[in-house]
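If you want the building blocks of each chain, they are given just below.
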Amino acid sequence: MKVAFCTQDGTLVDEHFGQAERIDVYDVDDTGFSFVESRTFAPRTADGDHRESTENRASAISDCAIIYVIAIGGPAAAVVVRHRVHPVKVSEPQSIQNLLAALQKTLAGSPPPWLRKAMLASASA
């Protein structure tokens, strides 16, 4: 399944969803993970339409099952969920590689119901 990470430099989850200019996407399963691509976005301007910006980002990751963020507002989270992507907030910047390794380990063991559902949806897509 594909997993997305809001990142400034490609090594840490350290960006707010609504301000992310870069979202890195990886394929991950219970045997490993691999980088797919970086998806980039124009900087959000103060006078820009935030709803449109949020919709564009959510649409761009709609092929992903999960997105890791440092922060995401309630309305933006609702848009992401409508695109069938599960947002996961981390409390402080964390290594993408460590998050991927932990996710891989969870997938190989006994994933929680929401993650099993995401895996099944991803497999049928």
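Being a predicted model, the structure only gives us computed values, none of them experimental. (Residues numbered from 1 in each chain as written. Predicted model: local features only at pLDDT ≥ 70, side-chain atom pairs only at ≥ 80, totals over all residues. Heavy atoms only, no water.)

Peer 1: Run through helix 2 (residues 74-82), naming residues and quoting values.
Peer 2: Along an α-helix, a turn takes 3.6 residues, which lines up residues three or four apart on a common side. What helix 2 keeps buried is the set Ala-76, Ala-77, Val-79 and Val-80. In an axial view of helix 2, the angular spread of the buried residues amounts to 160°, which keeps them on one side of the axis. Facing away from the buried side of helix 2 by more than 90 degrees, the exposed set consists of Gly-74, Pro-75 and Arg-82. (Buried < 20%, exposed > 50% of the residue type's maximum accessible area, 1.4 Å probe, protein only. Helix = DSSP H or I, 4+ residues; strand = E, 2+ residues; numbered from the N terminus. Arc of directions from axis to C-beta.)

Peer 1: Tell me what's going on with the pairing of strand 4 (residues 32-40), and back it up with residues and numbers.
Peer 2: Summarising the sheet, strand 3 (residues 22-29) and strand 4 pair through eight bridges and their orientation is antiparallel. Among the inter-strand pairings, Asp-27 is bridged to a residue of strand 4, identified as Ser-34. The hairpin turn running from strand 3 into strand 4, its antiparallel successor, is two residues long. (Pairing = 2+ DSSP bridges.)

Peer 1: Give me the lowdown on the environment of Ala-121, citing residues and values where you can.
Peer 2: On the secondary structure map, Ala-121 appears in helix 4 (residues 113-124). Since its relative accessible area comes to 45%, Ala-121 is described here as partly exposed. Sequence-wise, Ala-121 and Arg-84 are 37 residues apart; in three dimensions their C-alpha atoms are separated by 9.2 Å.

Peer 1: Any chance you could break down the sheet that holds strand 6 (residues 86-89) for me, citing the residues and the numbers?
Peer 2: Here we have five strands laid out as an open sheet, ordered 4-3-1-5-6, and mixed in their pairing. Edge positions in the sheet fall to strand 4 and strand 6, since each has one partner strand and no second. Direction aside, the axes of adjacent strands within the sheet are offset by 25° on average. Both strand 1 (residues 2-6) and strand 5 (residues 66-69) contribute to a ladder of three bridges, which runs parallel. The residue bridging Val-3 from the neighbouring strand is Ile-66, located in strand 5. Relative to the sheet, helix 3 (residues 96-108) contacts strand 1, strand 3, strand 4 and strand 5, its axis offset from that of strand 3 by approximately 30°. (Axes fitted to C-alpha atoms, helices over the stretch in contact; angles between N-to-C directions. Contact = heavy atoms within 4.5 Å.)

Peer 1: Tell me about the pattern of salt bridges, and name the residues and values.
Peer 2: Evaluation of the coordinates by the stated rule reveals four salt bridges. The salt bridge partner of Lys-2 is Asp-63, with a shortest N-O separation of 2.9 Å. A residue pair is termed long-range when its members are at least 10 positions apart, and Lys-2 in strand 1 and Asp-63 in the loop between helix 1 (50-60) and strand 5 qualify at 61 residues. A residue is classified by how much of its surface remains accessible, and Asp-63, at 35% relative accessible area, is partly exposed. In this structure, Glu-37 and Arg-39 form a salt bridge, with 2.8 Å as the shortest nitrogen-oxygen distance. Of the residues examined, Glu-37 reaches a relative accessible area of 34% and is grouped as partly exposed. (Salt bridge = Lys/Arg side-chain N within 4 Å of Asp/Glu carboxyl O.)

By themselves, these observations are geometric and do not establish any function.
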